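Descriptive structure summary
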Amino acid sequence: MARVLLEICCGSIDDAIEAEKGGADRVELCSALFLGGLTPSLGTIQEAKRRLKIPVVVMVRPRAGGFAYSEAEMASMERDVEAAVEAGADGIVFGILQADGRIDLARCRRIRQLIGERQAVFHRAFDVTPDPYEALEQLVDLGITRVLTSGQKDSVPEGVELIRKLIERAGARIEILPGGGIQSWNVKEMIEKTGCRQVHLTAWKMVSDSSTQARQGITFGGALHPAEDRFQMTDAEMVRRLAGMVK
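Presented here is an overview of the structure given in this document. (Residues numbered from 1 in each chain as written. Predicted model: local features only at pLDDT ≥ 70, side-chain atom pairs only at ≥ 80, totals over all residues. Heavy atoms only, no water.)

**Re helix 8 (residues 236-246)**
All buried positions along helix 8 are accounted for by Ala236, Val239, Leu242, Ala243 and Val246. Considered in projection along helix 8, the buried side chains sweep an arc of 115° and stay on one side of the axis. In this structure, the buried residues of helix 8 make contact with strand 1 (5-10), helix 1 (13-22), helix 7 (187-194), strand 8 (198-201) and strand 10 (230-234). Put simply, aspartate 235 is the residue that caps the front of helix 8, since its side-chain oxygen is 3.0 Å from the backbone nitrogen of glutamate 237. (Buried < 20%, exposed > 50% of the residue type's maximum accessible area, 1.4 Å probe, protein only. Helix = DSSP H or I, 4+ residues; strand = E, 2+ residues; numbered from the N terminus. Arc of directions from axis to C-beta. Contact = heavy atoms within 4.5 Å. Polar contact = N/O pair within 3.5 Å; in protein donor to acceptor, adjacent residues only side chain to side chain.)

**Quick look at the side chain of glutamate 18**
Locating glutamate 18 in the fold gives a position in helix 1. In this structure glutamate 18 touches Lys205, Met233, Thr234 and Ala236, once residues within four positions along its chain are discounted.

**A closer look at the pattern of salt bridges**
A pair can form between side chains of opposite charge whenever their charged atoms are brought close. For the structure shown, the criterion picks out 21 salt bridges. For glutamate 73, the salt bridge identified is with arginine 63, shortest N-O distance 2.6 Å. With a gap of 10 residues between them, glutamate 73 in helix 3 (residues 71-86) and arginine 63 in the loop between strand 3 (56-59) and helix 3 connect regions that are remote in the sequence. For arginine 63, a relative accessible area of 23% translates into the label partly exposed. For arginine 102, the salt bridge goes to glutamate 134, with nearest N and O atoms at 3.5 Å. Of the two residues, arginine 102 sits in the loop between strand 4 (91-94) and helix 4 (105-115) while glutamate 134 sits in helix 5 (residues 132-142), which places them 32 residues apart along the sequence. The partly exposed category is assigned to glutamate 134, whose relative accessible area is 32%. When salt bridges with common partners are traced through the structure, they connect Glu71, Glu78, Arg107 and Arg110 into a single cluster. (Salt bridge = Lys/Arg side-chain N within 4 Å of Asp/Glu carboxyl O.)

This is the structure in structure tokens:
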């Protein structure tokens with residue numbers, strides 16, 4: 001199998017450090033991965049660029065729950081893009097749709113202009129557009145570098161057929177990055193079935209934090225009540241194994 005680029009999705013600065021340590025080629029830096037990824041803090045971006053040598057692309061997404069934004073949300077996204085670019089981000093990951101699910105061309109063009117010469121990545125908002133081929137051509141026309149997609153299904157294993165067709169249709173005009181539901185046990189199969197040259201995934205381990213032990217009944221995570229004495233962090237050893245698989 002020819003060399004395939006490995007992008008690790010990271011929700012914190014320590015995630016990003018561990019991803020590079022394990023041999024990742026690129027990181028996507030976010031916050032709130034449980035929600036699909038939101039904009040990370042400016043401090044996180046700055047530290048990632050200060051500490052990492054591999055490319056760092058930054059998610060700009062103001063909230064969960066759809067991709068049609070108010071004017072105030074759009075303004076905040078523009079400021080976040082400007083701040084991330086100024087901090088040295090190698091690319092910006094974003095996606096803006098109209099209420100009918102089609103790409104909001106005018107607003108995406110505004111963000112694309114702010115990104116300038118950096119990589120412009122359209123995230124999995126692509127997966128809820130009503131016509132993936134129309135959306136692909138629109139993103140090509142916008143000058144988007146790359147599309148993150150699970151093939152308009154809940155996961156890449158379910159969407160392999162469309163991903164393969166998108167890669168064939170895209171050619172050298174735009175990159176197709178499969179992401180969603182790729183694991184160590186299926187990454188080789190997904191590469192073979194889609195013909196992709198890069199993959200996007202997480203590589204977690206559980207890390208303990210005992211600072212909440214004095215009041216174990218208190219939770220901060222809303223209705224789901226996640227455990228407050230542990231959190232997920234990228235596992236450098238798992239990344240190393242994945243890198244060995246895809247490279």
